[in-house]
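Notes for the structure review
Spelled out from the first residue to the last, the chains are:
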Amino acid sequence: DTEVTQTPKHLVMGMTNKKSLKCEQHMGHRAMYWYKQKAKKPPELMFVYSYEKLSINESVPSRFSPECPNSSLLNLHLHALQPEDSALYLCASSQVGVVEKLFFGSGTQLSVL
Amino acid sequence: GESVGLHLPTLSVQEGDNSIINCAYSNSASDYFIWYKQESGKGPQFIIDIRSNMDKRQGQRVTVLLNKTVKHLSLQIAATQPGDSAVYFCAENPLGYKLSFGAGTTVTVRA
């Protein structure tokens, strides 16, 4: 199984809502990532988890809160987002230290109204 | 085949021709240079990588060339097929712990 599964595929939320994005992989990867991708732009790193611990936060606003409950799951909790946060949110996984070979999910297309 | 000497945001290729996608990178400290393919509605997919101590690496229908003198990376796709239509991103790992992606080239294959 070389899949990274993300749910939901699409999400529309208001600026006062709280929602969560979910990501799951069963490749035994112990590094998991959240990326943000605006239309026609490259992905931008948000967070890195290594062995279920947050290792990198790329100065992401606190309205985005990541969580790694176990080695297969990664969540991104959203609260009080702004319209400019509308984007494709991608989850990825890899072997620890093998950052050049990431396995990406299909993403959650988020619209903030 | 068609090629671009400089990075261009789009490339139109006739089916069956070879295509060449170019990328300029900025950091000589990167250990790896990588190509990803992103089809519409999907996340990026790893295609091929090359270590900084290599000049060329071949995969299935793809070849990556690295010219460290001019900091240039290219991806050659042989016998381009409709399924090759996608956005192609080059990437490098200048800091070791994360990838830095280039701007991307949209490849459209003409029937």
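Everything below is about the structure shown above.
So, here's what we can say about the structure. (Residues numbered from 1 in each chain as written. Chains lettered and ligands numbered in written order. Predicted model: local features only at pLDDT ≥ 70, side-chain atom pairs only at ≥ 80, totals over all residues. Heavy atoms only, no water.)

1. Let's talk about the interface of chain B and chain A
How we decide: Any pair of residues with heavy atoms lying within 4.5 Å of one another is described as a contacting pair. A quick way to say it: buried area is the sum, across both parts, of accessible area lost when two parts are put together, with a 1.4 Å probe. Criterion for a salt bridge: a side-chain nitrogen of Lys or Arg within 4 Å of a carboxyl oxygen of Asp or Glu. Definition of a polar contact: a pair of N or O atoms within 3.5 Å, with one able to donate and the other able to accept a hydrogen when the atoms are protein atoms, and with sequence-neighbouring residues admitted only if both atoms are side-chain atoms. Only DSSP runs of H or I reaching four residues or more are called helices, and only runs of E reaching two or more are called strands; each is numbered from the N terminus. Throughout, the ten residues Ala, Val, Leu, Ile, Met, Phe, Trp, Tyr, Cys and Pro are labelled nonpolar, Asp, Glu, Lys and Arg are labelled charged, and all others, Gly among them, are labelled polar.
Across the boundary between the two partners, chain B contributes 19 residues, which contact 17 residues of chain A. Carbon and sulfur atoms supply 62% of the area buried between chain B and chain A, which totals about 1400 Å² over both sides. By the criterion of area lost to chain A, the three top residues of chain B are Pro 44, Tyr 97 and Phe 101 of chain B, representing 32% of everything that side buries. Along the contact surface separating chain B from chain A lie one salt bridge. With its nearest N and O atoms 2.5 Å apart, the salt bridge here joins Lys 98 of chain B to Glu 58 of chain A. Where chain B meets chain A, there are six residue pairs in polar contact (both at pLDDT 80 or more). Of all the secondary-structure elements, those providing two or more residues to the side of chain B that touches chain A are strand 4 (32-38) and strand 5 (45-51) of chain B. When residues of the side of chain B that touches chain A are assigned to their parent elements, the largest contribution, four residues, is made by strand 4 of chain B. Its residues assigned to classes, the side of chain B that touches chain A comprises ten nonpolar, six polar and three charged.

2. A short note on the sheet that holds strand 7 (residues 64-70) of chain A
Residue and element names in this part refer to chain A. What counts, and what does not: Should DSSP find at least two bridges between two strands, the strands are regarded as paired. Between the N-to-C directions of two axes lies an angle of 0 to 180 degrees, each axis being a line fitted to C-alpha atoms and, for a helix, fitted only over the stretch in contact.
Strand order in the open sheet formed by four strands is 1-3-8-7, and the pairing between neighbours is antiparallel. Of all the strands in the sheet, the pair left with one neighbour each is strand 1 (4-7) and strand 7. Put simply, the sheet's adjacent strands are angled 20° from each other on average, direction ignored. As judged from the four bridges shared by strand 1 and strand 3 (residues 18-25), these two strands associate in the antiparallel manner. Across the sheet, Gln 6 pairs through a bridge with Cys 23, a residue of strand 3.

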